[in-house]
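Listed below are the residues making up each chain.
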Amino acid sequence: MNLNLRNAILSNVSGHNAQQLEATIDDALQKGEEKMLPGLGVFFELLWENSDEQEHQEILNTLEQSLKQQNAQ
């Protein structure tokens, strides 16, 4: 990902509270537009970098289960 894009995304949400971040995420998921994926990727990157090993495992388990459910549909 281009560093300028990452910085632009972070700048756009700088100062947002949890409710505003949730609204941003919900909006991106509801719209389902490909152009929203980089922003969600930056959010995931922040989540991953600021999580400990136990939280990493929880994230990975959730992703694994979600993919299994997706494939079963």
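Our structure is the block above this text.
Quick summary incoming for the structure in this document.

The rules behind these values
Residues numbered from 1 in each chain as written. Predicted model: local features only at pLDDT ≥ 70, side-chain atom pairs only at ≥ 80, totals over all residues. Heavy atoms only, no water. Helix = DSSP H or I, 4+ residues; strand = E, 2+ residues; numbered from the N terminus. Expected span 1.5 Å × (residues − 1). Polar contact = N/O pair within 3.5 Å; in protein donor to acceptor, adjacent residues only side chain to side chain. Salt bridge = Lys/Arg side-chain N within 4 Å of Asp/Glu carboxyl O. Buried < 20%, exposed > 50% of the residue type's maximum accessible area, 1.4 Å probe, protein only.

### Considering helix 2 (residues 18-31)
Turning to step 1, where the next piece is worked out: Between its first and last C-alpha, helix 2 extends 20 Å over 14 residues, near the 20 Å set by a 1.5 Å rise per residue.
Turning to step 2, where the next piece is worked out: Put simply, Asn 17 is the residue that caps the front of helix 2, since its side-chain oxygen is 3.0 Å from the backbone nitrogen of Gln 19.
Turning to step 3, where the next piece is worked out: Gly 32 occupies a position one or two residues after helix 2 and carries a positive phi of about 65 degrees.

### Quick look at the pattern of salt bridges
Turning to step 1, where the next piece is worked out: Scanning all chains against the criterion turns up four salt bridges.
Turning to step 2, where the next piece is worked out: Of the charged contacts in the structure, one is a salt bridge between Lys 31 and Asp 27, with a shortest N-O distance of 3.4 Å. With Lys 31 and Asp 27 both in helix 2, this residue pair falls four residues apart, about one helical turn.
Turning to step 3, where the next piece is worked out: We classify Asp 27 as partly exposed; its relative accessible area is 31%.

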